[in-house]
Amino acid sequence: MLLVRNVWGGGMAKASLALIACVAAALATPQSVRAQDSETTVDEIIVTARRSGAPMWEVTRGDSTVLLVGAIQAVPAGIEWRPDALEQATRQAQRVYFPQHVSASPADLFRVIWRSRTLTRLPEGKTSADYLSPEWQARLDALEATYDEDWSRDSFLILSSELLSDRLGLRDRGDQEVGEVVRRAARRGRVPVTSIGSVRGDAVIDDLLTRRPETWVPCIEATIVAAEAGRPAVEARGQAWTRFDVPAVMASPIETAMMQCWPWGDPALGTLLRGQWISAVEGALREPGVTLAVAPLRVLAETGGVLDDLDRRGFEIIGPDWRADQAED
């Protein structure tokens with residue numbers, strides 16, 4: 001999820017810079033480096049990866065093995081997991097796959113500046129009460145009172161980011177994040193790193209500029225629930241992730257909000273992102289050796305997601321249960 005920090009209180013210039021930073025951060029694409037010659041076997045890589053503190057699934061077809069590492073955004077600071085095993089497995093893999101990047105031009109960034117008000121404020125004369133039911137508006141009012149804020153005129157993009165990123169602390173933690181651990185290990189091991197696809201910056205901006213506020217209502221309702229659950233829900237989600245309790249992570253109000261909000265909750269963009277992951281895994285299963293793929297846990301474990309797709313097609317999937325009903329099988 002691309003989170004935009006709400007800095008409207010600091011003026012238009014700061015809001016514009018925050019939106020530019022959102023797009024620019026998505027532009028960072030992994031650099032490919034040469035693969036090292038490895039004498040280790042596939043079995044050794046898999047055994048090593050399973051010791052990691054991140055949930056991982058193994059799928060094999062012929063001489064191709066894909067290790068799907070389920071990452072969550074912003075592992076809480078107090079949650080410890082074991083990155084060393086994942087680092088070692090990364091160095092032994094033949095290739096690493098990362099999520100999509102946004103391909104934007106300078107013209108796209110200038111467009112963000114020019115249209116920043118559209119992205120940060122509700123339409124002229126409108127407030128959140130024009131879109132939310134009285135019950136949900138009352139719950140938002142209660143959160144505003146708790147945090148001494150007035151979000152009534154902020155766009156729902158900004159509001160959702162304010163609650164999830166700033167108030168719940170769902171920001172990346174640099175070298176403690178799964179993606180950063182794998183990226184650093186791949187660089188040191190000279191393992192090729194590939195983004196599974198790209199999204200055009202102008203398409204992303206068009207999507208944000210043309211989305212009607214009422215389409216954001218499910219996101220805002222889920223975000224309100226997550227904010228009401230507070231930091232304890234963030235901690236519980238992180239603990240469940242380290243215990244490989246994937247159904248508990250997916251049932252968390254935090255994860256529900258992220259799935260409902262942009263980009264995953266956007267019908268067009270969310271479908272595109274999910275389709276790219278399914279295609280990428282299918283392609284990796286045609287590549288000899290081991291592919292280690294760092295994917296958002298939600299795109300792997302959601303209903304109809306990558307793991308469900310592989311299961312439906314008859315692949316043997318080795319790893320933790322990702323659906324609650326699997327424990328009953």
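Only a predicted model underlies this, so the values are computations on that prediction, with no experimental measurement involved.

Let us now look at the sheet that holds strand β5 (residues 193-195). Pairing within the open sheet is mixed, and its six strands lie in the order β5-β3-β7-β2-β1-β8. Strands with a single pairing partner mark the edges of an open sheet, and in this sheet they are β5 and β8 (317-318). Sheet analysis places strand β2 (residues 64-71) next to strand β7 (residues 289-296), joined by eight bridges and oriented parallel. Counted as the bridge partner of L68 is A293 from β7.

Going through the model one piece at a time under the given rule, you end up with three aromatic pairs. Geometrically, the ring pair formed by W81 and W241 is edge-to-face, given 5.6 Å between the ring centres and 70 degrees between the ring planes. In this pair, W81 sits in the loop between β2 and α3 (83-92) while W241 sits in helix α10 (residues 217-242), placing the two residues 160 residues apart along the sequence. Taking relative accessible area as the criterion, W241 reaches 1% and is therefore assigned buried. Ring centres of Y131 and F156 lie 5.9 Å apart, and the angle between their planes is 80 degrees; this geometry places the pair in the edge-to-face category. With a gap of 25 residues between them, Y131 in the loop between α5 (116-120) and α6 (134-147) and F156 in helix α7 (residues 156-167) connect regions that are remote in the sequence. With respect to class, Y131 is no different from F156; both count as buried. The aromatic ring of F98 is capped on one face by R183, whose charged end is 4.2 Å from the ring centroid. Between the NZ or CZ atom of R211 and the centre of the ring of W216, over which it lies, the distance is 4.6 Å.

Okay, unusual backbone geometry next. Along the chain, W262 connects to P263 via a cis peptide bond; the corresponding omega equals 5 degrees. We note that D148 has phi near 55 degrees; this positive angle belongs to a residue other than glycine. With respect to the helices and strands, the residue D148 is situated in the loop between α6 and α7. Looking at D148, the relative accessible area reads 68%, which means it is exposed. Of note in this structure, R190 is not a glycine but carries a positive phi near 55 degrees. Positionally, R190 belongs in the loop between α8 (178-189) and β5.

The rules behind each value
- Residues numbered from 1 in each chain as written.
- Predicted model: local features only at pLDDT ≥ 70, side-chain atom pairs only at ≥ 80, totals over all residues.
- Heavy atoms only, no water.
- Pairing = 2+ DSSP bridges.
- Helix = DSSP H or I, 4+ residues; strand = E, 2+ residues; numbered from the N terminus.
- Phe/Tyr/Trp six-rings, centres within 6.5 Å; stacked < 30°, edge-to-face > 60°.
- Buried < 20%, exposed > 50% of the residue type's maximum accessible area, 1.4 Å probe, protein only.
- Lys NZ or Arg CZ within 6 Å of the ring centre and 35° of its normal.

Shape descriptors only; they carry no functional weight alone.
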